[in-house]
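Single-letter residue listing:
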Amino acid sequence: MTVNLEVAEGVGTIRLDRPPMNALDIATQDRLKELAEEAGRRDDVRAVVVYGGEKVFAAGADIKEMQQMDHAAMVLRARALQDSFTAVARIPKPVVAAVTGYALGGGCELALCADFRIAGDNAKLGQPEILLGLIPGAGGTQRLARLIGPSKAKDLVFTGRMVKADEALTLGLVDRVVPAADVYTEAHAWAAKLAQGPAIALRAAKESIDTGLDTDLETGLAVERNWFAGLFATADREIGMRSFVEDGPGKAKFL
């Protein structure tokens, strides 16, 4: 399999495994969607790490495969391409991308689908599609602009240039830079910590933030309000408030 899902300590690791560069061909895209949806459903998965291995996250689409596709073929495929990445973005649990080496094109777009990005000091990210006479097609023009702002996104998309980890951190493209050897350990630790939190409240927080970014303020506030009130029906809310009153803040052990 070109993508695998392994679960430990409440953390599901979606591992790209298509050496040498984890090129995202159609089979890999479809498998990614399948496993993202599985991770979203499974009760034993409370947070997710997306990881490409020690050397490379994902160098992009499989250009040789794509070169054989004409306009009609891509019209039929483009939606499925986007849907495979959107499945990762819609995992209703915290998701962290552990980025080592190249995260280019589709690889960068995959990292953009995570809630948090930890990069190795050897990471290089970018959207080089313009150099092929194309534009990003798996969410890059949309998620990148929402994350770092339109002018910075246009710089990367218009030029196709790669940025190293330190610049990616400055741009806000990644959230933390660590030694390359520590990327997965750091990402798993972040996910494992959140896996101990209140699952429904974390889902509510993620959906409220993501929905709010894509709509007007009033609609976003309505989503927040409905989730906030709904959480009063959960066992985790009872546990959290009881623990706060009896033991002080930050000591609750959620189900």
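Description of the structure in this document.

## Some details on the state of the cysteines
Inference 1: This structure, assessed with the given rule, holds zero disulfides.
Inference 2: With no disulfide of its own, C108 lies 10.0 Å from the sulfur of C113, the closest cysteine sulfur.
Inference 3: For C108, a relative accessible area of 2% gives the class buried.

## Things to note about the pairing of strand β4 (residues 95–99)
For a regular strand, the rule is simple: side chains alternate between the two faces of the sheet.
Inference 1: β4 sits mainly inside the fold: five of its five residues count as buried.
Inference 2: Along β4, one buried face is formed by V95, A97 and V99 and the opposite face, lined by V96 and A98, is buried too.
Inference 3: Across four bridges, strand β3 (residues 47–51) lies against β4 in parallel orientation. Bridge assignment links V49 to a residue of β4, and that residue is V96.
Inference 4: Pairing geometry for β4 and strand β6 (residues 116–120), over four bridges, is parallel. Note that in β6 the partner of A97 across the bridge is R117.

## Section: the packing of helix α1 (residues 26–41) against helix α3 (residues 71–89)
Inference 1: Here α1 crosses α3 at 40°, and the two axes come no closer than 8 Å. Taken together, α1 and α3 sit at an angle that is classed as oblique. With respect to the hand of their crossing, α1 and α3 are arranged in left-handed fashion. Contacts from I26, Q29, D30, L32, K33, A36 and E37 of α1 reach α3 at R77, L81, D83, S84, A87 and V88.
Inference 2: Its residues assigned to classes, the contact of α1 with α3 comprises six nonpolar, two polar and five charged.

## Some remarks on the pattern of salt bridges
Inference 1: Applying the stated criterion across every chain yields a total of 14 salt bridges.
Inference 2: Close ionic contact of D83 with R79 constitutes a salt bridge, the shortest N to O distance being 3.2 Å. You can see D83 and its partner R79 sitting in helix α3, four residues apart, about one turn around the helix.
Inference 3: Looking at R79, the relative accessible area reads 59%, which means it is exposed.

## Quick notes on the side chain of S84
Inference 1: The residue S84 is located in helix α3 in this model.
Inference 2: Of the polar contacts made by the side chain of S84, one reaches the backbone oxygen of L81; its length is 2.7 Å.
Inference 3: Excluding anything up to four places from it in sequence, S84 contacts Q29, L32 and K33.

## So, the packing of aromatic side chains
Inference 1: Evaluation of the coordinates by the stated rule reveals three aromatic pairs.
Inference 2: Taking the centre distance of 4.9 Å and the plane angle of 5° together, the rings of F116 and W190 count as stacked. Pair noted here: F116 is in strand β6 and W190 is in helix α8 (residues 183–195), with a separation of 74 residues, a long-range link.
Inference 3: When the centroid spacing of 5.5 Å and the interplanar angle of 75° are considered together, the rings of F228 and F232 count as edge-to-face.
Inference 4: On the accessibility criterion, F228 (56% relative accessible area) is exposed.
Inference 5: With relative accessibility at 40%, the residue F232 sits in the partly exposed group.

## Looking at the sheet that holds strand β8 (residues 162–164)
Within a beta sheet, neighbouring strands are joined by backbone hydrogen bonds and run either parallel or antiparallel to one another.
Inference 1: Spatial strand order, β5-β7-β8: three strands in an open sheet with mixed pairing. Either end of the sheet is taken by a strand with one partner, and the two such strands are β5 (102–104) and β8. Neighbour-to-neighbour, the strand axes of the sheet open up by a mean angle of 20°, direction not taken into account.
Inference 2: Pairing between β5 and strand β7 (residues 124–126): three bridges, direction parallel. Each residue of the ladder has a partner; that of A103, found in β7, is L125.

Cut-offs used in this document
- Residues numbered from 1 in each chain as written.
- Predicted model: local features only at pLDDT ≥ 70, side-chain atom pairs only at ≥ 80, totals over all residues.
- Heavy atoms only, no water.
- Disulfide = S-S within 2.5 Å.
- Buried < 20%, exposed > 50% of the residue type's maximum accessible area, 1.4 Å probe, protein only.
- Helix = DSSP H or I, 4+ residues; strand = E, 2+ residues; numbered from the N terminus.
- Pairing = 2+ DSSP bridges.
- Axes fitted to C-alpha atoms, helices over the stretch in contact; angles between N-to-C directions.
- Parallel < 35°, antiparallel > 145°, perpendicular 65-115°, else oblique.
- Left-handed = near helix turned anticlockwise from the far one by under 90°.
- Contact = heavy atoms within 4.5 Å.
- Nonpolar A, V, L, I, M, F, W, Y, C, P; charged D, E, K, R; others polar.
- Salt bridge = Lys/Arg side-chain N within 4 Å of Asp/Glu carboxyl O.
- Polar contact = N/O pair within 3.5 Å; in protein donor to acceptor, adjacent residues only side chain to side chain.
- Phe/Tyr/Trp six-rings, centres within 6.5 Å; stacked < 30°, edge-to-face > 60°.

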